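Residue-level listing of the chains:
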Amino acid sequence: MEKATLQELLESRLKDIFSIEIAEASPQELFLALANVVKSCYANDWSQTRKNLLVEQQKQAYYFSIEFLPGKLLKSNLLNLGLLDTAEELFEELSFSLDEVAEVEKDMALGNGGLGRLASCFMDSLASLGLPGNGNGIRYNYGLFKQKFVDGHQVELPDDWLRAGNVWEVRKESKAVDIQYGGEVYLIEDENGRLRPERHGGYVWRAVPYDTGMVGYQNDMINTLRLWSVEVPAAEEANYATIESRRSLEDLTAVLYPDDSNERGKKTRLMQEYFFVSAGIQSIVRYYLKLNHPLTMMSEKIAIHINDTHPALCVSELMRLLLDDHDLPWEQAWAITVKVMSYTNHTIMAEALEKWPIDLFKEVIPRNYQIIEEIDRRYLEEYAEVHEAALLNRTRIIINGQVHMAHLAIIGSHSVNGVAKLHSDLLKSVVLHDFYLIFPERFNNKTNGIAQRRWMQLANQPLSKVLDTTIGKSWRHNPQDLQLLKNYQEDPTVLQRLADAKLTNKQALAEYIQQTTGIEVDPTAIFDVQIKRLHAYKRQLLNVMHILKLYFDLKDEPQAPIHPRVFIFGAKAAPSYHYAKAIIKVINEVANLINHDPTINDKLKVVFLENYNVTLAERIIPAADVSEQISLASKEASGTSNMKLMLNGAVTIATLDGANIEIRDAIGDENIAIFGLTEEEVYAYYAQQNYSAYAFYEEDPVLQRVVNAFIDGTIPNIEREGREVFDSLLKYNDEYFLLKDFKSYCDAQYRVDLAYKDQQRWQAISLMNIANAGKFSADYTVQNYADDIWQIEPLYAHVKE
Ligand code: DL6
């Protein structure tokens, strides 16, 4: 599209919506008008995609996820439509900044972290690969809380992201479905001897879908992200006359992860899970029936993906529809279900493998519970002759009065995958070993990937330009072409250009830090970044311990040859995760101490940026020199910030955990700083039960000084939190082995410091990271899902032939 045409469209939208001229428009008005223009640019392709899918009857994948974290969509849609440069030029010409306008958009933060962001990266890749794949989730009225620091403590504020409306979504009233909850379900034999459910009581809520176009990268493909919102069904209006009754209904899609520390929260959460599952499955079956094929062929047209255990009810819900609404015999319904479903596990942390009390199941979703009981009974029966009772009892779905969601997902799916090689191996050998014995053919690995268009083309324009001028533009379509950069490892001009791009990004981040925190940082210092959810296993505390060590080194010897460093943190702690919040407070107080200590000559700065989200990540990642990936080996399923930071040229300090191992394999030991226990060593400690935090503490005076600092008054204002940290390390024997890894972590940090001092060498390492990042594009990951699990093919490849 020509610039002039875009301008005309923008002017006409401003007139239509606000009755104003461009010159009078505020960033908010410009955003809305431009977003509407963008939407109209893909409207035709969106309906054409749907029509073609119906005509061609190609198989489609449906990605069920309780979280999606798309971030802002304006620039990403402009990029994918091939309009970004034109829009930037136009805005410049009109003396506006497109960035300022894009900033107005609210982050769509409908997720907590990795799992939700991965879901959104997959949405981008599915459309960009021309693959028919749709998202199915919940339209929360409030996204993940906004984080503020008050006296160094995390305070959670509501994220009222829908207040000004959401320009991208389309309400699809006509596609609404009813969701049944509660009541008693009796099984009554019909004239053919078949047991039929008869529901007494209960209630019905309405699920209304809001669709958002997922725009493919310059390929005319527009998939759909369908998010469901709860409403009172018209027929039930009278029953919801009071504010209280209405409120309990509206709670359902109000917030992401309602606090599950009380019974009401737990129930709401289960209801949420059933809500988006039932709504999604009903709408898929309705669509499938339009194709006029027998239900027994469903797996040829439909693939349903269970993203972590939260949508595991897909299994029992599809069974319910096939059995109760479409009269299929159990065996047929089950064969269809298993062929259609696939499941990804995203964690080895036991507490994240969901279990629900059966009483709650019976109360909330009684018919699904009956079906799950029957799946469980048949599972035991079917495998009784092949496997020992003990094994079956450990893997059945209902154990000790609880429904095990992962078991339901595995038994009901034809594919079970982990998200990095190590993680998938651990699933087979440890976490889901029992299931691996029973269903070895179901297990596979799909290493995560990232939306490189967002994390490079959008987030890092300075580096993108260097890449264009050095290796051409093919990397924008084909991420593996980043490899071409390897030819310039020893080219001082290219290395200098890369350094310049990094410095530009660091200057921008330094400005942001100054504006938002008042802390002044030197852009020539090393920017050392740890951005991820705050969790004990991710070991932000280990990072803090090293910072304290450096601090003491500088106190003892102010002229110590340490290159100045800015340690940058971004992390939210779950509101009910007390220990994680204590660590936030500790980091903030360590920051206070160090940033205000004149004796260390500004050689160290610690910055904890508030409200880490996708947009903040887009600011931080391009400016990072060092990427902290320091979880205890075996605990991080994959990680994806490791891939984003690597792509942007940061050098990783890493344990051999999650996808760090594959990153190391891709770039070689010389381009990454590896430290710490291996996963085998961690498991050996578990097996021998001989880990002694105190022994490490006792033998290392440096470590003693650091650990004591949490309680000896060195760090002011952390009496309670410092004691908690100290006790977690010594009294409770250091669950995540920080004390054991401390020394080798400090050694790795020292190697990084040395490498940075040789700028030529550093830039070459950074270049190797960028050059090898292509293989972590979500495009490849999604292609692997498409080929191995979903068996879906690109729409337009087929249509355009
Ligand atoms: O697979 C996406 C992402 C991984 O990269 C992280 O390593 C993993 O921690 C995260 N898992 C979750 C699930 N947590 N729960 N429940 O977010 O998934």
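Keep in mind that what you see is a predicted model, and the values were worked out from it rather than measured.

**Notes on the overall build of the protein**
Along its length, the protein carries 33 helices and 25 strands. On C-alpha atoms alone, the protein measures out to a radius of gyration of 27 Å, which is about the 28 Å that the 2.2 N^0.38 rule sets for 801 residues. Principal-axis analysis of the C-alpha atoms places the extent of the protein at approximately 90 × 70 × 55 Å. When burial is assessed residue by residue, the protein has 61% of its 801 residues classed as buried. A separation of at least 24 residues holds for 76% of the contacts in the protein among residues at least 6 apart in sequence. Counting only carbon and sulfur atoms, one obtains 49% of the accessible surface of the protein, whose full area is about 30,600 Å². Within the protein, one finds 81 positive and 113 negative side-chain charges whose respective centroids are separated by 1 Å.

**Concerning the pairing of strand E4 (residues 133-138)**
In terms of residue burial, E4 counts as a mostly covered element, since six of its six residues are buried. Residues Gly133, Gly135 and Gly137 line one face of E4 and the alternating positions Asn134, Asn136 and Ile138 line the opposite face, and both faces are buried. Both strand E1 (residues 60-64) and E4 contribute to a ladder of four bridges, which runs parallel. Along E4, the bridge assignment pairs Ala61 with Gly133. Here E4 runs beside strand E12 (residues 222-231); their pairing, made up of four bridges, is parallel. Each bridged residue has a counterpart across the sheet, and for Ile138 the counterpart in E12 is Trp228.

**Quick word on the layout of surface pockets**
Put simply, the second largest pocket is a space of about 960 Å³. Sort the elements by how many residues they give to the lining of the second largest pocket and strand E5 (residues 143-150) lands first, with six residues. Of the residues that constitute the lining of the second largest pocket, the class distribution is 14 nonpolar, 11 polar and 14 charged.

**Focus on the site of the ligand**
If you check the shell around the ligand, you find Gly114, Leu115, Leu118, His346, Ala352, Val419, Asn448, Tyr537, Glu636, Ala637, Ser638 and Gly639 and nothing else. At 2.9 Å from an oxygen atom of the ligand is found a side-chain nitrogen or oxygen belonging to Asn448. In the model, an oxygen atom of the ligand is placed 3.0 Å from a nitrogen or oxygen of the Ser638 main chain. Relative to its unbound accessible surface of 430 Å², the ligand loses 84% to contact with the protein. Residue composition of the shell around the ligand, by class: six nonpolar, five polar and one charged.

**Considerations on the environment of Arg171**
Secondary-structure assignment places Arg171 in strand E7 (residues 169-171). Separated by 490 residues in sequence, Arg171 and Ile661 place their C-alpha atoms 44 Å apart. Those residues in contact with Arg171 that sit more than four places away from it in its chain are Val208, Pro209, Tyr210 and Glu231. A distance of 2.5 Å separates a polar atom in the side chain of Arg171 from a polar atom in the side chain of Glu173.

**As for the pattern of salt bridges**
Pairs may arise between side chains of opposite charge once their charged atoms sit close together. Summed over the entire model, instances satisfying the criterion amount to 47 salt bridges. The salt bridge involving Asp211 is made with Arg226; its shortest N-O contact spans 2.8 Å. With Asp211 in strand E11 (residues 203-215) and Arg226 in strand E12, the pair connects residues that are 15 residues apart, well separated along the chain. The exposure class assigned to Asp211 is buried, which follows from its relative accessible area of 2%. Residues Arg377 and Glu374 are paired through a salt bridge, measuring 2.8 Å at the closest nitrogen-oxygen approach. One end of the pair is Arg377 and the other is Glu374, both in helix H13 (residues 366-383) and three residues apart, which spans about a single turn.

**What to know about the sheet that holds strand E24 (residues 651-654)**
Taken in spatial order, the six strands line up as E22-E21-E20-E23-E24-E25 in an open sheet, and their pairing is parallel. A single partner strand is all that each edge strand has here, and the edge strands are strand E22 (604-609) and strand E25 (673-674). Where strand E23 (residues 626-629) and E24 come together, four bridges link them in parallel fashion. Considered in E24, the bridge of Val626 is made with Val651. Across the face of the sheet, helix H22 (residues 578-595) comes into contact with strand E21 (565-570) and E22 while running at roughly 145 degrees to E22.

**Some points on the confidence of the model for the protein**
In the predicted model, the protein carries a mean pLDDT of 96, and 99% of its residues have values of at least 70. Under the prediction, the complex receives an ipTM of 0.98, its pTM being 0.97.

**Considerations on the sheet that holds strand E15 (residues 355-357)**
Across a sheet, paired strands are connected by hydrogen bonds in the backbone, their directions being either parallel or antiparallel. In space, the three strands of this open sheet follow the order E15-E17-E16, with antiparallel pairing throughout. Only two strands of the sheet have a single neighbouring strand rather than two, namely E15 and strand E16 (398-399). Pairing of E16 with strand E17 (residues 402-404), which is carried by two bridges, proceeds in the antiparallel orientation. Its bridge partner lying in E17, Ile399 is registered against Gln402.

**Some words on the packing of helix H19 (residues 461-471) against helix H20 (residues 492-517)**
Between H19 and H20, the shortest axis-to-axis distance is 8 Å and the interhelical angle comes to 165 degrees. As summarised for this structure, H19 and H20 are arranged roughly antiparallel, according to the angle between their axes. Both H19 and H20 take part in a crossing whose hand is right-handed. Seen from H19, the contacting residues are Pro462, Leu463, Val466, Thr469 and Thr470; seen from H20, they are Val494, Arg497, Leu498, Ala501, Thr504 and Asn505. Here the contact of H19 with H20 is composed, by residue class, of six nonpolar, four polar and one charged.

Procedures and definitions
- Residues numbered from 1 in each chain as written.
- Predicted model: local features only at pLDDT ≥ 70, side-chain atom pairs only at ≥ 80, totals over all residues.
- Heavy atoms only, no water.
- Helix = DSSP H or I, 4+ residues; strand = E, 2+ residues; numbered from the N terminus.
- Rg over C-alpha atoms; globule rule 2.2 N^0.38 Å.
- Buried < 20%, exposed > 50% of the residue type's maximum accessible area, 1.4 Å probe, protein only.
- Contact = heavy atoms within 4.5 Å.
- Areas by Shrake-Rupley, 256 points an atom, 1.4 Å probe, with all protein chains shown as cover.
- Lys, Arg positive; Asp, Glu negative; His and termini not counted.
- Charge placed at Lys NZ, Arg CZ, Asp CG, Glu CD.
- Pairing = 2+ DSSP bridges.
- 1 Å grid on protein atoms, 1.4 Å probe; cavity = no way out; pocket = protein on both sides within 12 Å on 5 of 7 lines; lining within 4 Å.
- Points joined across faces, edges and corners; volume = space filled by probe spheres on them.
- Nonpolar A, V, L, I, M, F, W, Y, C, P; charged D, E, K, R; others polar.
- Near = heavy atom within 4 Å.
- Polar contact = N/O pair within 3.5 Å; in protein donor to acceptor, adjacent residues only side chain to side chain.
- Salt bridge = Lys/Arg side-chain N within 4 Å of Asp/Glu carboxyl O.
- Axes fitted to C-alpha atoms, helices over the stretch in contact; angles between N-to-C directions.
- pLDDT = per-residue confidence, 0-100.
- Parallel < 35°, antiparallel > 145°, perpendicular 65-115°, else oblique.
- Left-handed = near helix turned anticlockwise from the far one by under 90°.

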